[in-house]
Amino acid sequence: MTRDNTEKITFRERSIPLREPNVVIKGDKGNSLLSSPVNFEEKLEYQVMQSIPKEAQVTVVRCESANIAIYTKNPSFALTELTLHLSALSKSMKKRFIIRTDPSIRLSEDDARNAISKILPKEILITVLFCDEATGEVVLEVNNPEGITADIFLQIAKETGWIAHTRRSPHIPSNSIKNIHSILKNSSKERIAFYQSLGKRIFRPPLLSNSLLYNDDTNCEANLTPTNKVSNSRYLSRKSVDDGAIYQYSNLKEVTIYCLGGVKQVGRSCFIVVTPESKIMLDCGINPGENMNYNAYPRLDWFNFNLEELDAVVISHAHIDHQGFLPAIFKYGYKGPIYCTEPTLPLMTLLQMDSVKIAQSNGSYLPYEIRDVNEVIKHCIPLPYGKPTDISPDVTITLNNAGHIMGSATVHINISGAHNILYTGDYKYAKTQLLDGALANYPRVETIITESTYGASSDIMPDQSVVYNTFTNSINHTLMSGGKVLIPVPAVGRAQEIMLVLDKEMREGRLVESPIFIEGMISEASAIHMSYAHYLGYEVRKSVSEGTNPFLSSYFTVINGIGKREEVFNDDSPSIIMATSGMLEGGPSVEYFKQISPNPKNKIIFVSYQINGTLGRRVLDGTISEASMIDKNGKVKVIPVRCSKQKIDGFSGHSDFNQILNFVSKVRPKRVLVNHGEKSKSENIASVIYSRMKIRSSVPDNREIIKLR
């Protein structure tokens, strides 16, 4: 393609020659960035502006996070016809585009609220409206998101200058979501700068020295023999953003996995994947069953690196053992992005804030404060399921449903198209009342890092009907004997599952009618579940779309405040109590335990995994006959453990032995690394996978480095 050297195009108040002596333009389809004296973003803007119609009224083109952001003054054109041009451009440039509105056309939040209220049908009511200056998006919490059509979204963008997104209004306002909105609003300028800085980091030129790279300006792979092509995983290839050349890693041994926690144990999950270009952290949890910091937190002290060197942290789900240490790394220098699913952000914020509250109330040590939790919020980039996202020059991740709790994700990591790692986090390869089962359809996975919480050959979950029958009969026996039943539950996941089961069993007459008292973070977590109901299982989504709130029932009584709790204590009639936390480690469940434990007529039913060292595990195993606890006056009191206790298997959000094997068999990797399980269970899973499937399997140690070959 040739042009007159004097011809110019002007945009953003600067003039750039279309052809300079050092400019190299390849082809007519724009499939290579220009090699010119100007920087990458200028080249990028030049190419995009040349490829899209003037009607788009594009004002700025720049890197923002993993996307190329296109700012426009004509959203009605940009959100319709321009999308076709960007789709073609995305395929040719191998980059993802996002449309943003120019700030100059956005109405104020109050004016936007008034305009949107007039646009929406009268039957659609807005409970929350939040304008995010950093993204140009307006989040609408409405009673009926399905009633907002594509035409309405387009009209909102045209008349207000904001691109709308919707969530369902929960039955009670979510304080966690409200807090997140407040922090995001107050940090909009800071986040704009962060997104731009992150974009430049993701699209940076190669960090490798030339000695580690094979470079060919035409096509390296075309010059390889069939036995040396990328498909055999000997090479890792990617296109440089700097000059359009194709680079290939000369040796896959450059990719390693550092195990910093969560192997041969349940708790403090943390891995770091190191490629020649990147350092990616997978989860950053704590071990709630350990009091010694040495054993409670990820071994970041052993991995000798600066936290600023991390390109990204990816969180699989909101449970404390997978994200509880996350705020601490911001306290000690991390300033990069956090990637997780959309519901995981409010759920983990809820749990982190509660950890701070508990630490302040009982004087225990926590390695972070509320301001560090706020930093997590500001640096979090929520992703939907199934969206491939570049998080560094050579790493693309895709989050998919893990079936464990709402928003839980398996993390598929594509390293330059040559090696694929699947980090499962916690997953349930079976449908439950609340969620669909984990996704296992992957065209290619070389290495899988799988959990093994229930990895013993005897860890076989009974059929769902048997589980419900056992659960109901156990409760009925205690209620009919005049006792109370305490069900300690994690606020996120198991609580919502148990609520659905209790309501259904009592409504259909199988469970003796009695009050069901609910205390702790359960109501707040349930509100977040309603806001992100599209992440729930098919049956629940269908029920919600028909106007039914699955977390409201005439049988439920929410306990707010110590005074209401005392009323439950003083009432001798049979009842069911659901309270957090699920392992009797802090929260109101501990206060109920003090009252219920001394009476043999009462019962504690455990419905979730009890980590070694927790009070719940000791009570369940029967290793204690009494527990020393602090009473309301701050004095130590000995609590006799005389109540009965039972563990109901089948409610767990983890896969059982058979489900783990079925999942691995479906994914069919070349190598399996087993984690998140007691030593014997992890070793059993690894042994069975090797013997039955002939797949190389192993159980690493904490502080072990694994080289991928």
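This text gives an overview of the structure that appears in the document. (Residues numbered from 1 in each chain as written. Predicted model: local features only at pLDDT ≥ 70, side-chain atom pairs only at ≥ 80, totals over all residues. Heavy atoms only, no water.)

**A short note on the overall build of the protein**
Along its length, the protein carries 21 helices and 33 strands. If you take every contact in the protein between residues at least 6 apart in sequence, the share linking residues at least 24 apart comes to 71%. When the accessible area of the protein is evaluated, it comes to approximately 29,200 Å², of which 48% is carbon and sulfur surface. (Helix = DSSP H or I, 4+ residues; strand = E, 2+ residues; numbered from the N terminus. Contact = heavy atoms within 4.5 Å. Areas by Shrake-Rupley, 256 points an atom, 1.4 Å probe, with all protein chains shown as cover.)

**Quick look at the packing of helix 1 (residues 40-51) against helix 3 (residues 81-93)**
Between two packed helices, what matters for the description is the angle formed by their axes and the separation of those axes. Viewed as axis vectors pointing N to C, helix 1 and helix 3 meet at an angle of 135°, and their least axial separation amounts to 11 Å. Between helix 1 and helix 3, the crossing angle belongs to the class labelled oblique. Considering how the two elements wind past one another, helix 1 and helix 3 form a crossing that is right-handed. Contact with helix 1, carried on its side by Leu-44, Gln-47, Val-48 and Ser-51, involves His-85, Leu-89 and Met-93 of helix 3 and no other residues of that element. (Axes fitted to C-alpha atoms, helices over the stretch in contact; angles between N-to-C directions. Parallel < 35°, antiparallel > 145°, perpendicular 65-115°, else oblique. Left-handed = near helix turned anticlockwise from the far one by under 90°.)

**What about helix 15 (residues 522-531)?**
Within helix 15, ten of the ten residues are buried, leaving the element largely enclosed by the surrounding structure. Turning to helix 15, its buried residues are Ile-522, Ser-523, Glu-524, Ala-525, Ser-526, Ala-527, Ile-528, His-529, Met-530 and Ser-531. (Buried < 20%, exposed > 50% of the residue type's maximum accessible area, 1.4 Å probe, protein only.)

**As for the pattern of salt bridges**
On inspection of all chains with the given rule, the structure shows 31 salt bridges. Residues Asp-132 and Arg-191 are paired through a salt bridge, measuring 2.4 Å at the closest nitrogen-oxygen approach. Here Asp-132 is found in strand 6 (residues 126-132), whereas its partner Arg-191 is found in helix 7 (residues 188-202), with 59 residues between them in sequence. The burial state of Asp-132 is the same as that of Arg-191; both residues are buried. Across the pair Arg-510 and Glu-508 runs a salt bridge whose closest N-O atoms are separated by 2.4 Å. Residue Arg-510 is classed as partly exposed on the basis of its relative accessible area, which comes to 41%. When salt bridges with common partners are traced through the structure, they connect Arg-62, Glu-64, Arg-100 and Glu-137 into a single cluster. (Salt bridge = Lys/Arg side-chain N within 4 Å of Asp/Glu carboxyl O.)

**As for the pairing of strand 20 (residues 409-415)**
Burial runs high along strand 20: six of the seven residues are buried. The pairing of strand 19 (residues 395-401) with strand 20 spans seven bridges and is antiparallel. Note that in strand 20 the partner of Asn-401 across the bridge is Ala-409. Sheet topology places strand 20 next to strand 21 (residues 419-423); five bridges connect them, and they run antiparallel. The partner of Asn-414 across the bridge, within strand 21, is Asn-420. Hairpin connection from strand 20 to strand 21: three residues lie between these consecutive antiparallel strands, with Ser-416 at a positive phi of about 55°. (Pairing = 2+ DSSP bridges.)

**Points about unusual backbone geometry**
Residue Ser-581 follows Thr-580 across a cis peptide bond; omega there is 10°. Assignment of secondary structure puts Ser-581 in the loop between strand 26 (575-579) and helix 18 (588-596). Even without being a glycine, Ser-65 presents a positive backbone phi close to 55°. Along the chain, Ser-65 turns up in the loop between strand 3 (58-64) and strand 4 (67-72).

**Brief notes about the side chain of Gln-610**
You can see Gln-610 is positioned in the loop between strand 27 (603-606) and helix 19 (615-621). Within polar-contact distance, the side chain of Gln-610 engages the backbone oxygen of Gly-582 at 3.0 Å. Looking at Gln-610, its side chain comes within polar contact range of the main-chain oxygen of Ser-608, at 3.0 Å. Setting aside anything within four residues of it in sequence, one finds Gln-610 in contact with Gly-582, Met-583, Gly-616, Arg-617 and Leu-620. (Polar contact = N/O pair within 3.5 Å; in protein donor to acceptor, adjacent residues only side chain to side chain.)

**Some words on the side chain of Arg-100**
Mapping Arg-100 onto the fold places it in strand 5 (residues 97-101). A polar contact of 3.1 Å, which involves the side chain of Arg-100, links it to the backbone oxygen of Thr-135.

**Description of the sheet that holds strand 3**
Taken in spatial order, the three strands line up as 3-4-5 in an open sheet, and their pairing is mixed. In this open sheet, the two edge strands, each paired with only one partner strand, are strand 3 and strand 5. In this sheet, neighbouring strand axes are inclined to one another by 25° on average, regardless of whether the strands run parallel or antiparallel. Judged from the six bridges that link them, strand 3 and strand 4 form a sheet pairing that is antiparallel. Paired with Val-58 across the bridge in strand 4 is Thr-72. Strands in contact with helix 1 are strand 3, strand 4 and strand 5; relative to strand 3, the strand with the most contacts, it is inclined by about 135°. Its contacts with the sheet put helix 3 on strand 4 and strand 5, and the angle it makes with strand 5 is roughly 145°.

Read these as layout, nothing more, since geometry by itself doesn't imply function.
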